[in-house]
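# Working through the structure, step by step
Residues per chain, in single letters:
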Amino acid sequence: MPHQPDTTDGLLAELRRRGLARGGFLALALAPGRGLGIAEPAGGRWGLATGEPAATVARLEEEFRPRWVWWSQQTPIELTRAGVRVATCWDLVAVHRLIFGGWHSEPALIWAALHDLDPASTPGTGQLDLFGDAGDEGTDPEEPVRPDQHLRPEWASGGWARDPARLARWAQTALRASELQRQRLDAAPAAGNVLATARSESAAELLCAELAVDGLPLDLDRAEEIIASFAGPRPRDAVDAALVRERRDSAVLRLLPDPDGIDLRNPAQVRAMLARVGIDVPDTRSWRLERFLGAHPVVEALLAWRKAERIATTYGYDWLARNVGPDARLRGAWSGSDGAAGRMTAQAGLHNLPADLRPAVAAAAGHVFVRADLGQIEPRVLAAVSGDRSLAKATQDDDLYAPVASQLGVERPTAKVAMLAAMYGQTSGTAGQALQGMESAYPVAMRYLRDAHDAGRAGRSVRTYGGRLVRMWPIPPGLDAEQERSAIASRGRYARNAVVQGAAAELFKAWAVTVRARGLPWQARVVLCLHDELLVHAPAEHGPAVRQLVTDCLQEAAAGWAPDGSVRFVADVSVIARWSEAKG
């Protein structure tokens, strides 16, 4: 091992001596309260014992601003909790999901995939390992990689954090994994810049770590008022909670001549209840029941009950207690990829918050939200990724569907249905008729979608514009002919949409991380990413500047993502105090 510094100053001096370039790769393994390991591409690795490893990272960030390499989002979460925010990173999990698709991304699986090892052969810890393992016999337990090239399970499951020497080796292993990933990316087929996608996806995981730590500002008093308006006052105890629930149910049941024995939480019983009053439905989905409003008072009462029940059980007082801290911030875990086409996801209700609760999402005192929503993003993305010049021309309008309608010779609503049907694989009804016009008006875009559709039907995985692998699934054996046809068609529709939705997710994340980086001088922080919508929290005096910044960042991200500039991307941007004030 190179000269082993025992202080942060010594580590910085050693990295200077070795000529670490500003912006260069630097791998990090962090054990909060114990120490950190560092590895750099020239072969140096160092483990440093310190109770404040984040402070060392802050010093390294200030001097070298490296592209940090780490195994998972947990590392930037720990740094953010300690008040350290870094600029760039290479997240092994994010890049693994980009290259290999899917969701599972433990260190052992990342390492196995990069070495073309069967994931099923990945060794695990547990009772069976007590009897020995041929792949590990007689080897040095202080080395993270076994002779069979698998990661040693004791290391992969947390043993890397035992001491500074192990931290250094674990950082070095992460650096090697990043080098192998970059080799894979160099060979990966992609229409866009797959290396840029890897950097953007990594930055998205960094943003996710900050979203998880920072949280979404809430007006707790308003939140409780809204919950109370649906679910009643906060119950004093379990008995009171049961009475509140009974009163909620009675608002529906009292409209029936014989309500005994009906459980509103049982779909079969609800369907039978509706049949008693002359409403025969195949299921009890809300959108289906809405068509029967006015047919019987119980329908309106049932729909109101469902909204109240959802807020009471999923977004009620317990939800506030579990997920909102004493600083009135709603927190949940975030991921930069859903494991399918690559959309961001969040827990704690952050991605499914009912519209009724949006008035409770309020900027802190002296601050505002800058809310931005991408306009007609998927058809604009389709124009970019397919290279269809006619469709690209339509994107120059603020309302893309207007020129499409003119081109097809139909009304705007029909044009919108046709465009969405093309991307989602719908072929019947009005959409089917309008699609015939799409084929002649935008043949390049339609061929792009058809190629993805055919690949999906055949069971071939597809890649997004930015290079993400989207896996297809095998058709299970034993299906009858009709079931098999349906399963194959479903796979085709999924692939058809994934190449558009996945590319849209890539552009959205490139935009979000650009806002994250450019917003620092304005003290602006992204606090919510919801599908195609950004919510940025900023001091009130910077609101107008941040509004312009968000628009500028979209153009910057789009220029890097689709550099020919033929497609125009737009966003509706507003400065608001509460999320509910946003249009749409």
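About the cut-offs
Residues numbered from 1 in each chain as written. Predicted model: local features only at pLDDT ≥ 70, side-chain atom pairs only at ≥ 80, totals over all residues. Heavy atoms only, no water. Axes fitted to C-alpha atoms, helices over the stretch in contact; angles between N-to-C directions. Helix = DSSP H or I, 4+ residues; strand = E, 2+ residues; numbered from the N terminus. Parallel < 35°, antiparallel > 145°, perpendicular 65-115°, else oblique. Left-handed = near helix turned anticlockwise from the far one by under 90°. Contact = heavy atoms within 4.5 Å. Nonpolar A, V, L, I, M, F, W, Y, C, P; charged D, E, K, R; others polar. Salt bridge = Lys/Arg side-chain N within 4 Å of Asp/Glu carboxyl O. Buried < 20%, exposed > 50% of the residue type's maximum accessible area, 1.4 Å probe, protein only. Phe/Tyr/Trp six-rings, centres within 6.5 Å; stacked < 30°, edge-to-face > 60°.

Helix H21 (residues 481-518) packs onto helix H20 (residues 443-457) with a crossing angle of 135° between their chain directions and a minimal axis gap of 7 Å. Between H20 and H21, the angle is such that the two are oblique. Viewed along their axes, H20 and H21 form a crossing whose handedness is right-handed. Every residue of H21 that contacts H20 at Met446, Tyr448, Leu449, Arg450, Ala452, His453, Gly456 and Arg457 is listed here: Ile488, Ala489, Arg491, Gly492, Arg493, Ala495, Arg496, Val499 and Val500. Across the contact of H20 with H21, the residue classes tally to nine nonpolar, three polar and five charged.

Counted under the stated rule, the structure contains 39 salt bridges. For arginine 371, the salt bridge goes to aspartate 373, with nearest N and O atoms at 3.7 Å. A relative accessible area of 2% places arginine 371 in the buried class. Residue classification places aspartate 373 among the partly exposed residues on the basis of a relative accessible area of 25%. When the shortest N-O distance is used, the salt bridge between arginine 371 and aspartate 572 registers 3.4 Å. In this pair, arginine 371 sits in strand S10 (residues 367-374) while aspartate 572 sits in strand S15 (residues 571-576), placing the two residues 201 residues apart along the sequence. By relative accessible area, aspartate 572 is classed as partly exposed at 29%. One connected set of salt bridges, linked through shared partners, spans Arg248, Asp249, Asp263, Arg265 and Glu309.

Here the distance between the centres and the angle between the planes together describe a pair of aromatic rings. The tally for this structure, following the rule as stated, stands at nine aromatic pairs. For the ring pair tryptophan 71 and tryptophan 170, a centre distance of 4.9 Å and an interplane angle of 25° mean the geometry is stacked. On the criterion of sequence distance, the pair formed by tryptophan 71 in the loop between strand S4 (67-70) and helix H3 (74-81) and tryptophan 170 in helix H7 (residues 164-187) is long-range, its members being 99 residues apart. Comparing tryptophan 71 with tryptophan 170 shows no difference in burial state: the two are buried. Look at tyrosine 315 and tryptophan 319: their rings are 5.2 Å apart centre to centre, the planes differ by 75°, and that puts the pair in the edge-to-face class.

Moving on: the packing of helix H15 (residues 377-386) against H21. For the pair H15 and H21, the least separation of the axes is 9 Å and the interaxial angle reads 100°. Compared by their axis directions, H15 and H21 come out roughly perpendicular. On H21, the residues touching Ile377, Glu378, Val381, Leu382 and Val385 of H15 are Asn497, Val500, Gln501, Ala503, Ala504 and Leu507. Across the contact of H15 with H21, the residue classes tally to eight nonpolar, two polar and one charged.

From the geometry alone we can't say anything about function, so treat these as descriptive.
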